Amino acid sequence: MNDDVRNIVLGVVAAGVSAALGWLARTYLWRRRLRRKQAFFGLPDHSESLLVVNRNAGGSELSVMRHDVFALLELSALIKDCNAHAQVVAHDATRQGFGERTEFCLGGPVSNRRMAAHLSSLLPGVGVNTQAESGPEAGAFRIGGEDYRVDSGRSEYVLLARLTAGGRGEARPVFLFCGQRAITNQAATRYLAREHERLARKYGSGSFVLLLKVVNSQAYGPDVVVLVADVTRAARTPAPEPAAPAAS
């Protein structure tokens, strides 16, 4: 074997080794990224999760609003990326606790009983105006003494939360998307899909409650979302009881 042939063989071998090492490095990084994503969502390979949806107002059958369907599609893509499976369940057909399976709960407490139960037991510091039927007070949030009212189509709010049962890190989380309108639920799921890596770096497997504002949805749809505040502490602290009226 002369020097030219030897150089060609060595070059081919070196290229093969470099390609193999590059493939191994990419595979390692991809697997590490996948494991971090699975840990954040509580979705190991072939695990099961729940998508809890509300019923469309006035409907006796399971009829989900258009923007909530889009939100379910966003979540389904995340679940599939984790090599996990999802089961869609109506809010009033869910009869189980949480922590065994990851749960994604969508909708406000008026149309979603499961959400109402979660807010009452997990986020006692969150108040939602369920009495007003229309106007800016309908669906308004009260958190930490601050009111967040609806300005339909211009400024609307949604809570995005990741919570675990009793604060146990090993329990499967429940994700809440509690919006003032259906389009805000979709905005929150899209925000989670876009920001989950940053959220995982910041919060790890811990709980968080974020207040998001959807800006000018009548023009931009669910795409323009602003983080208003991390309201974890206020949302998990029971609101003070109203003072009793003074005796006359």
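Residues numbered from 1 in each chain as written. Predicted model: local features only at pLDDT ≥ 70, side-chain atom pairs only at ≥ 80, totals over all residues. Heavy atoms only, no water.

Visitor: Before we go on, may I ask you to explain the pairing of strand β7 (residues 155–163) in this structure?
Guide: Every other side chain in a regular strand lies on the same face of the sheet, so the side chains alternate between the two faces. The element β7 is largely enclosed, with a buried count of nine among its nine residues. Going residue by residue along β7, you find S155, Y157, L159, A161 and L163 tucked away on one face and E156, V158, L160 and R162 tucked away on the opposite face as well. In this sheet, strand β9 (residues 208–215) lies alongside β7 in antiparallel orientation, the contact comprising eight bridges. Looking at β9, one finds that Y157 is bridged to K213. Sheet topology places β7 next to strand β8 (residues 174–179); six bridges connect them, and they run antiparallel. Within the sheet, the bridge partner assigned to L159 lies in β8 and is C178. (Buried < 20%, exposed > 50% of the residue type's maximum accessible area, 1.4 Å probe, protein only. Helix = DSSP H or I, 4+ residues; strand = E, 2+ residues; numbered from the N terminus. Pairing = 2+ DSSP bridges.)

Visitor: I tried to follow unusual backbone geometry on my own but got confused; where do I start?
Guide: Among all residues save glycine, negative phi is the norm, and among peptide bonds the norm is trans. The backbone of N83 sits at a positive phi, close to 60°, despite the residue not being glycine. Along the chain, the position of N83 falls in the loop between α2 (66–81) and β2 (85–90). In the Ramachandran plot, N216 falls in the positive-phi region, its phi being about 50° despite a non-glycine side chain. Along the chain, N216 turns up in the loop between β9 and α5 (217–220). Taking the relative accessible area as the measure of exposure, N216 reaches 22% and is therefore partly exposed.

Visitor: Help me understand the packing of α2 against helix α4 (residues 182–203), please; the structure alone is not making it clear to me.
Guide: Two packed helices can be described by the angle between their axes and the distance between those axes. The contact between α2 and α4 brings their axes to 7 Å, and the two run at 20°. One way to sum up the angle between α2 and α4 is to call them roughly parallel. Taken as a pair, α2 and α4 cross one another with a handedness that is left-handed. For the pair α2 and α4, contact is made by H67, D68, F70, A71, E74, L75 and L78 and by A182, I183, N185, Q186, T189, R190, L192, A193 and H196, respectively. Looking at the contact of α2 with α4 residue by residue, the classes come out as eight nonpolar, five polar and three charged. (Axes fitted to C-alpha atoms, helices over the stretch in contact; angles between N-to-C directions. Parallel < 35°, antiparallel > 145°, perpendicular 65-115°, else oblique. Left-handed = near helix turned anticlockwise from the far one by under 90°. Contact = heavy atoms within 4.5 Å. Nonpolar A, V, L, I, M, F, W, Y, C, P; charged D, E, K, R; others polar.)

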